[in-house]
Amino acid sequence: MSVEEVKDESGNIRIIRATLKSGSQCEIYTFGATVTKFTTPDGKDLIWLSSTAKLDGTKAIRGGIPLVFPHFGQPIKEMPQHGFARNNTWKVEGTEIKDDAFQTTLSLDQTMATHEAWPFPYKLELVVAMKDNELKTQYIVTNTGPESFRFQSLQHTYLNVADISATTVTGLMGQRYLDKTAADTTLLNIEERGAADITQFVDRVYVGTHLNSTPGGVLVKCPTGKIRVQGSATYGDGIAMPSDTVMWNPWAEKAKGMGDFDDDGYLKMLCIEPGLVQDFHMLPAGYKANLTQVLSFL
Ligand code: BG6
């Protein structure tokens, strides 16, 4: 097993690459604390990264697992879409590697990134833990200031499905969702499909799809294999709270409209994104909220 750290001219870590004895690999950019790769021992690439993604810190990375905070979309008009966590450089707190497990923690706080439209002291941590067929990412928001703040957070996971026409998503039947492509985006719909296929632009927020309601998580069956995405959230000392799941594929026209998205990329990817995004959450002073994703290859 090994860990490689790629540094910039000032000696700051830009990229961490880890390989386990089994051959599993992951790669994390400190820019946005963006995981850009997770490969299983038999070489399956579970994460999609656009070949035209900007990796030089000039733009949030298109692909991988960008992190959203303190808002999802652009409810606060003065702040950039999806907030400022994904386009600032995080600090590496520590890294550990054993034969069969790797873990690293990155952090960001208001001394490193903030916005006048959201001027609160905070700390974000991303704990990335890799085992052979599993990548666990714990995304922790701590309110380090004296007053409550409101926030949203999300792990914007781009899965490498290889062929969207041969991909189905199970585990969401019966869940309620907001359809951001519909004329009325405030209506709560019900997912009726046991195995959902993706044949057009999709942008949905399945609300409250925490582990209690989807014990097996969301299962994506695709030519890459069977990929399970489990999202869950806790606050305080570990009290369970409902989390949401976003499903997004921009489809052909919108993909073309994005300079850093491969024109045919929509045929190969699907975003399944655990989040705390249906409305804002209030976090009292001193409290933590932990949004965890477990990505497994079955
Ligand atoms: C998804 C949102 O999570 O992210 C979409 O639901 C959005 O509405 C997409 O278009 C991509 O956002 P961005 O800012 O990375 O292009």
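For the structure itself, consult the block above.
Everything quoted here is computed from the prediction, not taken from an experiment.

K.L.:
Is there a simple way to explain the site of the ligand in this structure?
P.N.:
Taken together, the neighbourhood of the ligand is formed by Arg-62, Phe-72, Gln-81, His-82, Arg-86, His-156, Lys-180, Asp-203, Val-246, Trp-248 and Glu-273. The contact in question runs from an oxygen atom of the ligand to an N or O atom on the side chain of Arg-62, over 3.0 Å. Compared with its free state, where it exposes 390 Å², the ligand has 84% of that area covered by protein. Because more than half of its atoms lie within 2 Å of the grid, the ligand is assigned to the largest pocket. Partitioned by chemical class, the residues of the shell around the ligand number three nonpolar, three polar and five charged.

K.L.:
What am I meant to see in the pairing of strand S6 (residues 91–97) here?
P.N.:
It is a general feature of regular strands that their side chains alternate between the two faces of the sheet. In terms of strand pairing, S6 meets strand S7 (residues 102–109) through six bridges, oriented antiparallel. When the bridges of S7 are listed, Gly-94 appears paired with Thr-105. The hairpin formed by S6 and S7 contains four residues between the paired strands.

K.L.:
Just checking my understanding: could you explain the sheet that holds strand S4 (residues 34–39) for this structure?
P.N.:
Sheet strands pair by backbone hydrogen bonding; their relative direction is either parallel or antiparallel. With antiparallel pairing, four strands are arranged side by side in an open sheet as S1-S2-S3-S4. Looking at strand neighbours, the two that pair on one side only are strand S1 (2–7) and S4, the edges of this open sheet. Each neighbouring strand pair of the sheet contributes to a mean axis angle of 10°, computed without reference to strand direction. Pairing of strand S2 (residues 13–19) with strand S3 (residues 25–29), which is carried by five bridges, proceeds in the antiparallel orientation. Across the sheet, the residue bridging to Ile-15 is Tyr-29, located in S3.

K.L.:
For this particular structure, what's the right way to read the packing of aromatic side chains?
P.N.:
The geometry of an aromatic ring pair is captured by two quantities: the separation of the ring centres and the angle between the planes. Counted according to the given criterion, the structure contains 18 aromatic pairs. An angle of 40° between the planes, with centres 6.4 Å apart, marks the rings of Trp-90 and Tyr-139 as tilted. Separated by 49 residues along the polypeptide, Trp-90 in the loop between strand S5 (67–68) and S6 and Tyr-139 in strand S9 (residues 134–142) bring together distant segments of the chain. Take Trp-90: its relative accessible area is 3%, and that puts it in the buried class. Taking the relative accessible area as the measure of exposure, Tyr-139 reaches 0% and is therefore buried. Through pairs of rings, three or more aromatic residues link up here, namely Phe-69, Phe-84, Trp-118, Phe-120, Tyr-122, Phe-149 and Phe-151. The cationic tip of Lys-254 hangs over the ring face of Phe-201; the distance from NZ or CZ to the ring centre is 4.9 Å.

K.L.:
So what exactly am I meant to see when it comes to the layout of surface pockets here?
P.N.:
If you roll a probe as big as a water molecule over the atoms, it shows you where there is empty space left. Considering only enclosed or pocket space, the largest pocket measures out at about 580 Å³ in volume. As for the largest pocket, its lining consists of 30 residues, of which Phe-72, Gly-73, Gln-81, His-82 and Lys-180 are closest to the centre. Of all the secondary-structure elements, those providing two or more residues to the lining of the largest pocket are strand S16 (202–206), strand S20 (244–249) and strand S21 (269–283). Class assignment of the residues belonging to the lining of the largest pocket gives a composition of twelve nonpolar, ten polar and eight charged. Its boundaries defined by the atoms lining it, the second largest pocket holds a volume of some 210 Å³. As for the second largest pocket, its lining consists of 13 residues, of which Asp-8, Ile-13, Arg-14, Thr-30 and Thr-89 are closest to the centre. Tallied by class, residues from the lining of the second largest pocket come to six nonpolar, four polar and three charged.

What counts and what doesn't
- Residues numbered from 1 in each chain as written.
- Predicted model: local features only at pLDDT ≥ 70, side-chain atom pairs only at ≥ 80, totals over all residues.
- Heavy atoms only, no water.
- Near = heavy atom within 4 Å.
- Polar contact = N/O pair within 3.5 Å; in protein donor to acceptor, adjacent residues only side chain to side chain.
- Areas by Shrake-Rupley, 256 points an atom, 1.4 Å probe, with all protein chains shown as cover.
- 1 Å grid on protein atoms, 1.4 Å probe; cavity = no way out; pocket = protein on both sides within 12 Å on 5 of 7 lines; lining within 4 Å.
- Sits in = over half its atoms within 2 Å of the grid points.
- Nonpolar A, V, L, I, M, F, W, Y, C, P; charged D, E, K, R; others polar.
- Pairing = 2+ DSSP bridges.
- Helix = DSSP H or I, 4+ residues; strand = E, 2+ residues; numbered from the N terminus.
- Axes fitted to C-alpha atoms, helices over the stretch in contact; angles between N-to-C directions.
- Phe/Tyr/Trp six-rings, centres within 6.5 Å; stacked < 30°, edge-to-face > 60°.
- Buried < 20%, exposed > 50% of the residue type's maximum accessible area, 1.4 Å probe, protein only.
- Lys NZ or Arg CZ within 6 Å of the ring centre and 35° of its normal.
- Points joined across faces, edges and corners; volume = space filled by probe spheres on them.

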